Amino acid sequence: MPRVSAPVYSLNGGEVGDEALSRLDLERLQFAGSLYQNMMPRVIGSMTLRPGLEHITDIDLGDVQLLEYNYSGGSALIPVLSDEEMRIVKDDAFVSFPSVSTTITNGDFNSFAGWTDSSTGTASADVDAGDLRLHGTEQGRASATQTIAVASADRGVEHALRVAVERGPLNVRLGSTSGDDDLISAQSLDDGWHHIAFTPTTANIYLDLYADVPRQVRVNGVSIASAGTMVIPTPWTSDDLADSIIRYKQNKDVLYVASGVYQQREIQRRGDKSWGVQRYKVDDGPFVASDGTISLTPSGFTGNGTMTSSRGYFESTMIGRLFRLFQSGQTVLEDFTTDPAEGDFIRVSGVGSARTFTWSLSGTWVGTVRLQVATDDGSGNPGAWTDVFTRTTNGSGNYTDSDDNVIKFFRWAVSTGEHTSGTMQTSLVYDGGSRAGVVRITAVTSSTSVAIEVLSRIYSTAATFEWDHSTWSDFDGWPAAVDVFGGRIYWSLSDMIYGSVPDAFKSFDDEVEGNSAPISRSINASSQRGILWMLGLQRLIAGTDASEVSIKASSFDEPLTGDSWFPVDASTRGCANLRAVKADKDGIFVQTSGTGAFRMAPDQQGADYTSSDLMAADSDEAAPLFRDDCAPGFRDDLAPCLVGSAGDDCCQFIQARCQALRGRFRRRLSPLNSMRWALWTNLSSMASA
């Protein structure tokens, strides 16, 4: 049979094994090749050289992981994680700051000297055990301020404020005049480390650290960052990076991070050179009910205190755990030191004497205080407030509301101009009704006693057997995967998925009803390791080591809710413990063995998702070992990086098979040796991720 040199009109069949080249009866394989090296096929069939790469910087930090960060501000921003540290690459170099002589007096808080207690009301600020402690109240702001001198040579030079928060939320502002925030607008910082860039132009600048929450806020330290690369501490070790346990999802300027080992984190960008890593903290759930065999007794209604159990229960790993206490009766204590001011309310219902409550006024003060009433607005909340009576002197008594079977709310309030001096100590005590308060454990003293901070008011200090606890902590475990889908943030722990209230990523309030209620549902997977990753495609996809689960509502276009939740196995390949990536409507994941890449895409009918082998046609390719070391965003890298020479070939092959042929290798992390890496980018442009 004579040899024929047939023209080839298309080269976009991708790379296949040698044994597949003889299958010319298959139309697709007529356009395939045995080796695509440094070549990029196009959709129209032609081929071009892969764009060249430019060396950007060396990363001599040991095991590292680059995170995808989408930003349209004109700069390329790449968070780089190494052993318990994070750095940021901006415009081809690590973010750094120059040397300045500006200093903050006693920023390590070994002394309060240099600081001024600028608190209002009964709130206060002091220093204890090397921490700044801000003691906020319901009606007062705790504040510590300092005037900082700036040398003439340092004016107009960029600085960075470095803040370490032990227990937030802390508010920070910095201005060129006292009380101003023209240098750093008011920022709320939670537990973690934060760098905030600013440029002073005056001889003095004015720093204000303050807390508006009625509990203690602690600050480990505040300083002007020293010269050199910005380095932010993180909890993730080099072993964690090597094990590829980090999962993350960006929403606006925040990367939400899960690992399954540590409490969730937020990587926050407040500017190109202003970044922070803080704990992701929720104050209202998600909760699970206790078995009702142990009673808990809080020591106070607000602020910080203790909580005891009727028998041994608490463990050291429960620090950070939330408890929701349900208690009969309602007591509200408020101190007013300024105006205008409004206290919390009691909720009155029932008939006759069941509608009687006790009120009292005490203290040394001059002014007018009002007892006010409101009816239910139909949503369970107070409507418009009206006065029941006013008082200008101390006193006490009982009040019985006459409107039987009508839900009403009562509170104390001080109108504008009605507080002259002193502290108005008020109380409302009602034996009826039941309210719930939430506390967080801050320290474990013994198996029966813990220190707590009150997140939402406690209405009784009596013992209660009715309580819930949060679903995640060091004791219960932490979520291992995260995704944002349909306006909610989803966290997964074992085979459970927890979805927030829509558009409220830090709320899991189960008192929200209807389609906006938070979600707490299982995917019923036959997996020992639980959910390894989640992807928000046209449906929410969850990957386990046994299957890939598609979670749908009753119809394809309906949003997921707690009632419309139907998980089904889209495929049973099983997943490796590697972050899956999204490419348009498709997802790409690595199979359990770690040597095969699969595409998760809608089936031909569009009714559900199914998986297909991206390497099926390349049977001769040496099985590569997939890792999560690659540069972020697989619109250019379309899969986790591959170790060894097979890596580039397979990446290009996967691009061809996915028909994402417009893609280019924008950036890639390549090994120079075992402990040193180099960052490369497309020669044509450093496009933002």
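Basis of the calculations
Residues numbered from 1 in each chain as written. Predicted model: local features only at pLDDT ≥ 70, side-chain atom pairs only at ≥ 80, totals over all residues. Heavy atoms only, no water. Buried < 20%, exposed > 50% of the residue type's maximum accessible area, 1.4 Å probe, protein only. Helix = DSSP H or I, 4+ residues; strand = E, 2+ residues; numbered from the N terminus. Pairing = 2+ DSSP bridges. Axes fitted to C-alpha atoms, helices over the stretch in contact; angles between N-to-C directions. Phe/Tyr/Trp six-rings, centres within 6.5 Å; stacked < 30°, edge-to-face > 60°. Lys NZ or Arg CZ within 6 Å of the ring centre and 35° of its normal. Salt bridge = Lys/Arg side-chain N within 4 Å of Asp/Glu carboxyl O. Core = buried A, V, L, I, M, F, W, Y, C linked by side-chain atoms within 4.5 Å. Contact = heavy atoms within 4.5 Å. Patch = residues over 30% accessible without salt bridge, like charges linked within 9 Å, V, L, I, M, F, W, Y side chains within 5 Å. Areas by Shrake-Rupley, 256 points an atom, 1.4 Å probe, with all protein chains shown as cover. Lys, Arg positive; Asp, Glu negative; His and termini not counted. Charge placed at Lys NZ, Arg CZ, Asp CG, Glu CD.

Draft legend 1. View of the pairing of strand E45 (residues 531-536). Most of E45 is tucked away, with six of its six residues classed as buried. In terms of strand pairing, E45 meets strand E46 (residues 540-544) through five bridges, oriented antiparallel. In the sheet register, Gly-536 faces E46, and the bridge partner there is Leu-540. Counting the residues that bridge the hairpin from E45 to E46 gives three residues.

Draft legend 2. View of the sheet that holds strand E10 (residues 124-128). One open sheet holds the nine strands; their spatial order is E10-E11-E18-E13-E16-E24-E23-E22-E21, and the pairing between them is antiparallel. The open sheet has two free edges, formed respectively by E10 and strand E21 (247-251), since each of these has just one partner strand. With strand direction ignored, the average angle separating the axes of adjacent strands in the sheet is 25°. As defined by bridge partners, E10 adjoins strand E11 (residues 131-135) across five bridges and the pair is classed as antiparallel.

Draft legend 3. Structural view of unusual backbone geometry. Here the residue pair Gly-168 and Pro-169 is connected by a cis peptide bond, since its omega of 5° sits within 30 degrees of zero. Within the element layout of this structure, Pro-169 appears in the loop between strand E13 (159-167) and strand E14 (170-175). A cis amide bond links Gly-285 with the next residue in sequence, Pro-286, at an omega value of -10°. Positive phi is not limited to glycine here, since Asp-92 has a value of about 80°. Mapped onto the secondary structure, Asp-92 falls in the loop between strand E6 (85-90) and strand E7 (93-94).

Draft legend 4. Inspection of the packing of aromatic side chains at higher detail. By the definition in use, this model includes 22 aromatic pairs. Seen from their ring centres, Trp-359 and Trp-412 are 6.0 Å apart, and the 70° between their planes marks the pair as edge-to-face. Of the two residues, Trp-359 is situated in strand E31 (residues 356-362) and Trp-412 in strand E36 (residues 408-414); the sequence distance between them amounts to 53 residues. The two residues Trp-359 and Trp-412 agree in class, both being buried. The structure contains a cluster of three or more aromatic residues connected by ring pairs, namely Tyr-256, Tyr-280, Trp-491 and Phe-505. The ring of Phe-97 carries the charged tip of Lys-273 above its face, separated from the ring centre by 4.9 Å. Over the face of the ring belonging to Trp-385 we find Arg-411, whose NZ or CZ atom lies 4.1 Å from the ring centre.

Draft legend 5. Spatial organisation of the pattern of salt bridges. Scanning all chains against the criterion turns up 30 salt bridges. Measuring nitrogen to oxygen at the nearest pair gives 3.1 Å for the salt bridge that ties Asp-190 to Lys-281. On the criterion of sequence distance, the pair formed by Asp-190 in the loop between strand E15 (184-189) and strand E16 (192-198) and Lys-281 in the loop between strand E24 (274-279) and strand E25 (287-289) is long-range, its members being 91 residues apart. Given the relative accessible area of 11%, Asp-190 is considered buried. When its relative accessible area of 10% is taken as the criterion, Lys-281 is described as buried. The salt bridge partner of Asp-401 is Lys-408, with a shortest N-O separation of 3.2 Å. An identical accessibility class is assigned to Asp-401 and Lys-408; each is buried. Salt bridges linked by common partners bring Glu-138, Glu-334, Asp-344 and Arg-457 together as one network.

Draft legend 6. The nonpolar core, seen in detail. Counting residues in hydrophobic clusters, the biggest one holds 32 residues, and the most contacted among them are Leu-134, Leu-161, Leu-170, Leu-207, Leu-209 and Val-222. Of all elements in the fold, only E11, strand E12 (142-149), E13, E14, E15, E16, strand E17 (204-211) and strand E18 (216-224) reach the threshold of two or more residues within this core. Residues within four places of Leu-207 in sequence aside, it is in contact with Ile-104, Trp-115, Ala-144, Thr-145, Gln-146, Ile-148, Leu-161, Val-172, Arg-173, Leu-174 and Val-222. Counting residues in hydrophobic clusters, the runner-up holds 24 residues, among them Leu-77, Met-230, Trp-236 and Leu-255.

Draft legend 7. Fine view of a negative patch on the surface. On the surface, a cluster of negative charge is contributed by Asp-83, Glu-84, Asp-239 and Asp-243. Mapped onto the elements of the fold, Glu-84 is located in the loop between strand E5 (77-82) and E6. Given a relative accessible area of 42%, Glu-84 falls into the partly exposed group.

Function cannot be inferred from these measures alone, as they are strictly geometric.
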